[in-house]
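Structural overview
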Amino acid sequence: MDLYSQKNGLDIPLLIKHLKRNNLAGYLVQDKDELLELLRRLIADGTTVGCGDSVTLEQTGVFEDLRKRDVSFLDKYDPSLTRGGKREIYLKNFSADTFITGANAITMDGKIFNIDGNGSRVAPMLYGPEQVIVVAGTNKITEDVEAAVKRTRQIAAPLDAKRLNKSTPCAALGRCIDCGHRERICNDFVLITGQFIKDRIKVILVNEELGY
């Protein structure tokens, strides 16, 4: 077990074992360079790659690397996209060879938890792309589902709402009050507990604190 995991009391090998039990593949990399190297092996040239909104993928340079690669990258961050163009990309994500995204939490028993605003990030995770790759810092690991929900609502969602310049109460307060605001981003609560297709979803844990 590595130093970060030891320091934070994380049994990463056990978590990866639980992912495998749930028909999910699990990997641990130490830093951005190892992450990009692994992604170049998992994502073949000439394929189509979609993505979900992710601070982690921005921080680690994944989006920038995909823009340089010989892949058809469905880049939702293209500044020239209209609202209709972005929706078209969201629909194309379902037929992508690979969909790559982050996660709000990964539980120690090998489950993936996310809260989404309009469903465009979680929907392709559930169905469509042949391969889904989830990248998360080890700060996203929680003991169980209850802790995953609490972490997402009280830590991740307020920070994300602030990043997106939302006028929700959480953006100002820094905590969730279960609001009914029109700009609320906590609309879809999705827990992935397993898959029919073995290793369709691959979880890559980066041994750093990343994202929210």
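To be clear, the structure that these remarks concern was listed above.
Residues numbered from 1 in each chain as written. Predicted model: local features only at pLDDT ≥ 70, side-chain atom pairs only at ≥ 80, totals over all residues. Heavy atoms only, no water.

Quick look at helix α2 (residues 12-21) now. Among the residues of α2, I12, L15, H18 and L19 are the ones counted as buried. Along the axis of α2, the buried positions cluster into a sector of 120 degrees, meaning they face one direction only. Along α2, exposed side chains directed more than 90 degrees from the buried face belong to K17, K20 and R21. Phi turns positive one or two residues past the end of α2, at N23, with a value near 70 degrees. (Buried < 20%, exposed > 50% of the residue type's maximum accessible area, 1.4 Å probe, protein only. Helix = DSSP H or I, 4+ residues; strand = E, 2+ residues; numbered from the N terminus. Arc of directions from axis to C-beta.)

This part is about helix α6 (residues 83-92). Residues of α6 that are buried: G85, I89 and Y90. Down the axis of α6, the buried set is contained in an arc of 145 degrees. They therefore lie on one face. Exposed positions of α6 whose direction lies more than 90 degrees from the buried face are R83 and R87. On the buried face of α6, the contacting elements are β3 (72-74). (Contact = heavy atoms within 4.5 Å.)

It is worth spelling out the nonpolar core at this point. Within the largest apolar cluster, 21 residues are counted, with the highest numbers of intra-cluster contacts made by I106, I112, V134, I201, V203 and L205. Every element with two or more residues in this core is listed here: α2, α7 (122-126), β7 (131-137), β9 (188-192) and β10 (201-206). Excluding residues within four positions of it along the chain, I112 makes contact with L24, A103, A105, I106, M125, V134, V190, L191, I192, I201 and V203. (Core = buried A, V, L, I, M, F, W, Y, C linked by side-chain atoms within 4.5 Å.)

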